[in-house]
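# Structure at a glance
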Amino acid sequence: MLPDFLKTKEKLKKMLDSERKKAELLHLGPVADAPRSMIFEGKRTNRTVIIYPDAPCEEIKMEEVTSRLEVKWEEAETMTHEIVLNKINETAKEMAEQIKKSYYGTLIEAAEEAGNVTSTDGKPLSVDTILEMVKKMHLSFDEEGNPSGLTFAGNPKLRPVLAEIISQAESDPRYQALMEQKREEWRVRESRRKLVG
């Protein structure tokens with residue numbers, strides 16, 4: 001009987017998991033930048049709490065996302081490193097799609113509930129639409145005074161159009177004035193924050 005090679009298996013598992021996480025981050029797109037925290041086992045593992053600035057907390061039900069990586073016996077003999085990475089990539093892509101669907105679904109539901117949706121009413125996306133969207137956002141700023149975490153996400157087919165409109169908006173004086181207002185709102189929020197320690 002062959003030995004079990006426990007250390008080798010553990011090392012291989014860590015390598016495969018590392019590759020999966022890297023591939024998953026690539027497929028998550030802007031969702032990968034969303035703040036996250038570890039939820040430990042306990043009585044409330046099927047629920048999580050969202051904490052909003054200047055608003056009550058909200059408890060939401062967590063969704064389970066799964067994907068499966070399967071290697072058949074007949075594949076194992078001829079399997080190469082490239083084939084393994086492709087399988088990992090497909091599994092990570094499947095997982096990322098489920099995560100994004102859940103994430104954006106929760107965002108849309110929360111925005112609609114709060115009355116925080118901006119509609120173009122069937123008109124093309126414009127600088128005015130971008131300004132209206134930014135007005136409704138709570139923004140944070142980095143040490144240099146630049147907005148941090150401000151990300152626009154949309155259909156990948158619209159990426160060039162969206163990039164052009166955002167560029168136009170950023171050079172608009174109304175956008176600069178809005179950013180100054182948002183920077184001041186953020187400064188006031190930060191000065192009221194209670195530090196725990």
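Quick look at the structure, then. (Residues numbered from 1 in each chain as written. Predicted model: local features only at pLDDT ≥ 70, side-chain atom pairs only at ≥ 80, totals over all residues. Heavy atoms only, no water.)

Once that is clear, we can look at the packing of aromatic side chains. Across all of its chains, the model carries 2 aromatic pairs by this definition. Aromatic side chains Tyr103 and Tyr104 sit 5.6 Å apart centroid to centroid with 80° between the ring planes, which places their arrangement in the edge-to-face category. Tyr104 gets classed as partly exposed once you look at its relative accessible area, which sits at 29%. (Phe/Tyr/Trp six-rings, centres within 6.5 Å; stacked < 30°, edge-to-face > 60°. Buried < 20%, exposed > 50% of the residue type's maximum accessible area, 1.4 Å probe, protein only.)

Moving on, we come to the environment of Thr129. Secondary-structure assignment places Thr129 in helix 4 (residues 127-135). For Thr129, a relative accessible area of 9% gives the class buried. (Helix = DSSP H or I, 4+ residues; strand = E, 2+ residues; numbered from the N terminus.)

The next thing to look at is the layout of surface pockets. In this model, the second largest pocket occupies a volume close to 290 Å³. Along the walls of the second largest pocket sit Lys13, Leu16, Asp17, Arg20, Leu69, Val71, Met79, Val84, Lys87, Ile88 and Thr91, which together make up its complete lining. For the lining of the second largest pocket, the elements supplying multiple residues, two or more each, are helix 1 (6-28) and helix 3 (81-114). By residue class, the composition of the lining of the second largest pocket is 6 nonpolar, 1 polar and 4 charged. (1 Å grid on protein atoms, 1.4 Å probe; cavity = no way out; pocket = protein on both sides within 12 Å on 5 of 7 lines; lining within 4 Å. Points joined across faces, edges and corners; volume = space filled by probe spheres on them. Nonpolar A, V, L, I, M, F, W, Y, C, P; charged D, E, K, R; others polar.)

This part covers the packing of helix 1 against helix 3. Two elements in contact, helix 1 and helix 3, have axes whose closest approach is 8 Å; the angle formed by their N-to-C orientations is 50°. In terms of their interaxial angle, helix 1 and helix 3 are classed as oblique. The way helix 1 lies across helix 3 gives a crossing that is right-handed. Across from Leu16, Glu19, Arg20, Ala23, Glu24, His27 and Leu28 in helix 1, the residues of helix 3 making contact are Val84, Leu85, Ile88, Asn89, Ala92, Lys93, Met95, Ala96, Ile99 and Lys100. When its residues are assigned to classes, the contact of helix 1 with helix 3 shows 10 nonpolar, 2 polar and 5 charged. (Axes fitted to C-alpha atoms, helices over the stretch in contact; angles between N-to-C directions. Parallel < 35°, antiparallel > 145°, perpendicular 65-115°, else oblique. Left-handed = near helix turned anticlockwise from the far one by under 90°. Contact = heavy atoms within 4.5 Å.)

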